[in-house]
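Each chain, written out:
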Amino acid sequence: MLFLGAALAAGLAAVGGAIAVAIIVKATLEGVTRQPELKGTLQTLMFIGVPLAEAVPIISIVISILILFGIGG
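This write-up is about the structure you can find in this document. (Residues numbered from 1 in each chain as written. Predicted model: local features only at pLDDT ≥ 70, side-chain atom pairs only at ≥ 80, totals over all residues. Heavy atoms only, no water.)

Topic: the pattern of salt bridges
Across all of its chains, the model carries 1 salt bridge by this definition. Glu30 is paired through a salt bridge with Lys26; the nearest N and O atoms lie 3.1 Å apart. Of the two residues, Glu30 and Lys26 are both situated in helix H1 (residues 2-34); the distance of 4 residues between them amounts to about one turn of the helix. (Salt bridge = Lys/Arg side-chain N within 4 Å of Asp/Glu carboxyl O. Helix = DSSP H or I, 4+ residues; strand = E, 2+ residues; numbered from the N terminus.)

Regarding a nonpolar patch on the surface
Together, Ile58, Ile61, Val62, Ile65, Leu66, Phe69 and Ile71 make up an exposed nonpolar region whose accessible area comes to about 640 Å². Relative to the helices and strands, Leu66 resides in helix H2 (residues 39-69). (Patch = residues over 30% accessible without salt bridge, like charges linked within 9 Å, V, L, I, M, F, W, Y side chains within 5 Å. Areas by Shrake-Rupley, 256 points an atom, 1.4 Å probe, with all protein chains shown as cover.)

Some remarks on H2
Here H2 is 31 residues long and its end C-alpha atoms lie 45 Å apart, about the 45 Å a rise of 1.5 Å per residue gives. When we look at burial in H2, the residues that qualify are Met46, Gly49, Ala53, Pro57 and Ser64. Buried residues in H2 make contact with H1. (Expected span 1.5 Å × (residues − 1). Buried < 20%, exposed > 50% of the residue type's maximum accessible area, 1.4 Å probe, protein only. Contact = heavy atoms within 4.5 Å.)

Structural notes on the environment of Val32
Here Val32 shows up in helix H1. Looking at Val32, the relative accessible area reads 23%, which means it is partly exposed. Once residues lying within four places of it in the same chain are set aside, the contact partners of Val32 are Lys39 and Leu42.

Considering the environment of Ala10
On the secondary structure map, Ala10 appears in helix H1. Here Ala10 falls in the partly exposed class, since its relative accessible area comes to 22%.

As structure tokens, this is what we get:
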């Protein structure tokens, strides 16, 4: 059960991160399409938002590795 829990945590984190990044990029492209003059601002916000969206899956994968190898408890 321990391996299954670690695998589910890592897998769902990866899927969640991919969906979050896709939504951020989609919104940025729609914004640039509607107002091309704001491309630089929207691109900067996207470059800030994508790492923030990827931070949670990375932390979740680290936690699943800790669970898998029994470190921390």
